[in-house]
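Chain by chain, the residues:
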Amino acid sequence: MAADGGHWFSILATIIVPLATVIILFTAACSGTITHTVGDSIWSIPQTEGFYNKWASSRLFRPGDVLYFEFDRDLYHVMRVQNWEYQMCETNIVIPWEVYHDGKAWVTLPEEGYYTYICNVLDYCSLGLRFELKVNKSDSP
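In this report, the structure presented in the accompanying data block is examined.

Here is what the cut-offs are and how they apply
Residues numbered from 1 in each chain as written. Predicted model: local features only at pLDDT ≥ 70, side-chain atom pairs only at ≥ 80, totals over all residues. Heavy atoms only, no water. Pairing = 2+ DSSP bridges. Helix = DSSP H or I, 4+ residues; strand = E, 2+ residues; numbered from the N terminus. Axes fitted to C-alpha atoms, helices over the stretch in contact; angles between N-to-C directions. Phe/Tyr/Trp six-rings, centres within 6.5 Å; stacked < 30°, edge-to-face > 60°. Buried < 20%, exposed > 50% of the residue type's maximum accessible area, 1.4 Å probe, protein only. Lys NZ or Arg CZ within 6 Å of the ring centre and 35° of its normal. Core = buried A, V, L, I, M, F, W, Y, C linked by side-chain atoms within 4.5 Å. Contact = heavy atoms within 4.5 Å.

## Looking at the sheet that holds strand β1 (residues 35-37)
- With mixed pairing, 3 strands are arranged side by side in an open sheet as β1-β2-β5. Of all the strands in the sheet, just β1 and β5 (104-108) have a single pairing partner and so form its edges. Averaged over all pairs of adjacent strands, the angle between strand axes in this sheet comes to 25 degrees, irrespective of strand direction.
- In the sheet, β1 pairs with strand β2 (residues 66-70) via 3 bridges, with the strands oriented parallel. The partner of T37 across the bridge, within β2, is Y68.

Structure representation (C-alpha cells):
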C-alpha cells in the first residue's frame, strides 16, 4: 500500500510541479513588470554627470517594476534617499530609506511617485553617481 501511495505522489508531483511553474511564469508575464538594468551597464562613476538621469528619463517605470544594480561592492553601494539629500549629494546620511552594498541589488518600485538614488562613497554622487526617476501608474511619462 505504501508503495502504491508513493506511486500516486510521484505522478501528482510530475503533473503539479510543471503546472505550477507554468502558472507562475504566466502570471509574471501578464503582470507586465520590467526589470531595468540601471544605466544599461554596471553602477559606476559615469563619463558625464547627467548620465543616469538621462537613462532614467528615457524609460517608463510602473509600480512593480524592478531596478537591477550591479556594482563592485568594494567600491560602490546604492542608497535610496530623500529628495533634498539627492539634490545636495548629501554624504552624511544617518537613516537612508534603503541601502544596498552586496554588489547586486534588485529593487522593486512598489508604487507611483518619485525615487532618488545615490552613491555616497567619497564624492561619487557629485561625480554623477546618482539619479531620480518617476514611477507612473499609466503609460504616460
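## Regarding the packing of aromatic side chains
- Summed over all chains, the structure comprises 12 aromatic pairs.
- With centroids separated by 6.0 Å and ring planes inclined at 70 degrees, the aromatic side chains of W43 and F131 adopt a geometry described as edge-to-face. You can see W43 sitting in the loop between β1 and α2 (51-57) and its partner F131 sitting in strand β7 (residues 130-135), a full 88 residues away along the chain.
- With a relative accessible area of 0%, F131 lands in the buried category.
- With a centroid separation of 5.5 Å and an interplanar angle of 25 degrees, the aromatic rings of Y117 and F131 are classed as stacked. Taken together, the residues Y117 in strand β6 (residues 113-118) and F131 in strand β7 connect sequence positions 14 residues apart. Across the pair, F131 and Y117 agree in class, each one buried.
- Cluster of aromatic residues (ring-pair linked, three or more members): W43, F51, Y52, W55, F61, F69, Y117 and F131.
- Note that R130 overlies the ring of Y86, its terminal NZ or CZ placed 4.7 Å from the centroid.

## Focus: the nonpolar core
- By size, the foremost hydrophobic cluster in this structure holds 22 residues, and its most contacted members are W43, L67, F69, Y117, F131 and L133.
- At the level of secondary structure, the elements contributing two or more residues to this core comprise α2, β2, β5, β6 and β7.
- With residues up to four places along the chain from it excluded, the contact list for L133 reads A56, F61, L67, L109, G113, Y114, Y115 and Y117.
- Grouped together as the second largest cluster of nonpolar side chains are 6 residues, V81, Y86, C89 and I118 included.

## Looking at the environment of L60
- Tracing the chain through its elements places L60 in the loop between α2 and β2.
- Judged by relative accessible area, which is 25%, L60 ranks as partly exposed.
- It is 9.7 Å that separates the C-alpha atoms of L60 and I34, two residues lying 26 residues apart in sequence.

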